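# Chain and residue survey
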Amino acid sequence: MVAKHLIFLGAPGVGKGTQAQRLAKLMDLPHVSTGDMLRASVQSGSEVGLCAAALMESGALVGDEIIIRIVEERLLLEDASAGVIFDGFPRTIHQADALDNLLAAHGDKIGAVLHLDLDDEEIVARLSGRRVCSECGAIYHIRYHTPTVYGICDLCGGALLQRDDDQPAVIRKRLAVYQAETAPLIAYYHDRPAYHLVSGEGEADDVFSRIVKAVEVVG
Ligand code: AP5
């Protein structure tokens, strides 16, 4: 069976995590968020976490070698054999080359690149109101996606928290880093048949319908 590896590409706050969680459920594939993996490492105080903490807090990218190593290890787990949904990876040309090589070594390739697009003003509104479940990682928003009980996750009852890097100055830095280091990936993938530009505007349900259509088109 050919594995199905999908990538969500787009600026911070565009909705990659929200949509990747939903698509992972629909396609029954693991959701692999390098941001979530790094935050778990920071919390556990592991070697990776110690290297990553200050960079993440400032809005800078974590080094390619660390990221490529944790992705390589993740792809070796059994549940990744049918493919995974990447969220926040790759983020540099070097990471994208490494991913192509990793997949090619197993006779696989990227099945779809879903490039979510949204204007900066809306991105800032989404990021500054985001709340994330401290237990299961479910994503909420103080206006756009509120939980039934204030501050409590609908899915697991965990406390909803604001991420340290969702402060205005760090948001600005993350957007600048995206333009400098990750936006070049748009040209990198643009001419591949797997590439698909999807508008991130409007309700999450509408964005999800566009994504499902795009995945069907690229096959
Ligand atoms: P990471 O965790 O990947 O953060 P990010 O890319 O900045 O993306 P976000 O999680 O902020 O946004 P999102 O697009 O997932 O939006 P979401 O769905 O949550 O990375 C964090 C840090 O880790 C990086 O800065 C870096 O330091 C490091 N890192 C991670 N990966 C790395 C890598 N590969 N290389 C190097 N360093 C790496 O939505 C945002 C909000 O909007 C939510 O509140 C949501 O409810 C709301 N929302 C979503 N969709 C809609 C909608 N349609 N309408 C209204 N509201 C919506």
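Everything below is about the structure shown above.
First, a word on what this report is: a plain description of the structure on this page. A quick note: this is a predicted structure, and the numbers were derived from the prediction, not measured.

## Comments concerning the site of the ligand
Near the ligand there are 35 residues, and of these Thr18, Ala60, Arg91, Arg130 and Arg174 occur at the shortest range. Between glycine 17 and the ligand, the recorded distance is 2.8 Å, taken from a backbone N or O atom to an oxygen atom. Within the contact set of the ligand, an oxygen atom lies 2.9 Å away from a side-chain nitrogen or oxygen of arginine 39. Coverage of the ligand by the protein chains reaches 96% of its 1000 Å² of free accessible surface.

## What about the sheet that holds strand 1 (residues 5-9)?
Taken together, five strands build an open sheet; the order of strands is 2-3-1-4-8 and the sheet is parallel. Unpaired on one side and paired on the other, strand 2 (31-33) and strand 8 (195-199) mark the two borders of the sheet. Strand-to-strand twist across the sheet, computed as the mean angle between neighbouring axes with direction ignored, equals 25°. Relative to strand 3 (residues 85-87), strand 1 runs parallel, the two sharing three bridges. Bridge assignment links isoleucine 7 to a residue of strand 3, and that residue is phenylalanine 86. The strands touched by helix 5 (residues 93-104) are strand 1, strand 3 and strand 4 (110-117); relative to strand 4, the strand with the most contacts, the crossing angle is about 155°.

## Concerning the state of the cysteines
Across all of its chains, the model carries zero disulfides by this definition. Left unpaired, cysteine 133 is separated from the closest cysteine sulfur, that of cysteine 156, by 3.5 Å. Here cysteine 133 falls in the buried class, since its relative accessible area comes to 4%. A disulfide-free cysteine, cysteine 153 has its sulfur positioned 3.8 Å from the sulfur of cysteine 136, the nearest such atom.

## So, the packing of aromatic side chains
The final tally for this structure, using the stated rule, is two aromatic pairs. Between the aromatic rings of phenylalanine 86 and phenylalanine 89, the centroid separation amounts to 5.3 Å while the plane-to-plane angle is 50°, which identifies the pairing as tilted. In this structure, phenylalanine 86 and phenylalanine 89 share a single accessibility class: buried. With a centroid separation of 4.9 Å and 85° between ring planes, the pair formed by tyrosine 188 and tyrosine 189 is classed as edge-to-face. Taking the ring centre of phenylalanine 208 as reference, the NZ or CZ of arginine 22 above it sits at 4.5 Å.

## Overview of the pairing of strand 4
Extensive coverage of strand 4 is indicated by the burial of six of its eight residues. Taken together, the five bridges between strand 4 and strand 8 define a ladder with parallel strand orientation. Each residue of the ladder has a partner; that of leucine 114, found in strand 8, is histidine 196.

## Quick look at the nonpolar core
In this structure, Ile7, Leu38, Leu75, Phe86, Leu99 and Tyr189 are the most contacted members of the largest nonpolar core, which totals 26 residues. Elements represented by at least two residues in this core include exactly strand 1, helix 3 (47-58), helix 4 (64-75), helix 5, strand 4 and helix 8 (184-190). In this view, leucine 99 contacts Ile7, Leu75, Phe86, Phe89, Pro90 and Ile110; residues no more than four positions away in its chain are not counted. Grouped together as the second largest cluster of nonpolar side chains are 25 residues, Val14, Leu127, Leu175 and Ile211 included.

Definitions and cut-offs
- Residues numbered from 1 in each chain as written.
- Predicted model: local features only at pLDDT ≥ 70, side-chain atom pairs only at ≥ 80, totals over all residues.
- Heavy atoms only, no water.
- Near = heavy atom within 4 Å.
- Polar contact = N/O pair within 3.5 Å; in protein donor to acceptor, adjacent residues only side chain to side chain.
- Areas by Shrake-Rupley, 256 points an atom, 1.4 Å probe, with all protein chains shown as cover.
- Pairing = 2+ DSSP bridges.
- Helix = DSSP H or I, 4+ residues; strand = E, 2+ residues; numbered from the N terminus.
- Axes fitted to C-alpha atoms, helices over the stretch in contact; angles between N-to-C directions.
- Contact = heavy atoms within 4.5 Å.
- Disulfide = S-S within 2.5 Å.
- Buried < 20%, exposed > 50% of the residue type's maximum accessible area, 1.4 Å probe, protein only.
- Phe/Tyr/Trp six-rings, centres within 6.5 Å; stacked < 30°, edge-to-face > 60°.
- Lys NZ or Arg CZ within 6 Å of the ring centre and 35° of its normal.
- Core = buried A, V, L, I, M, F, W, Y, C linked by side-chain atoms within 4.5 Å.

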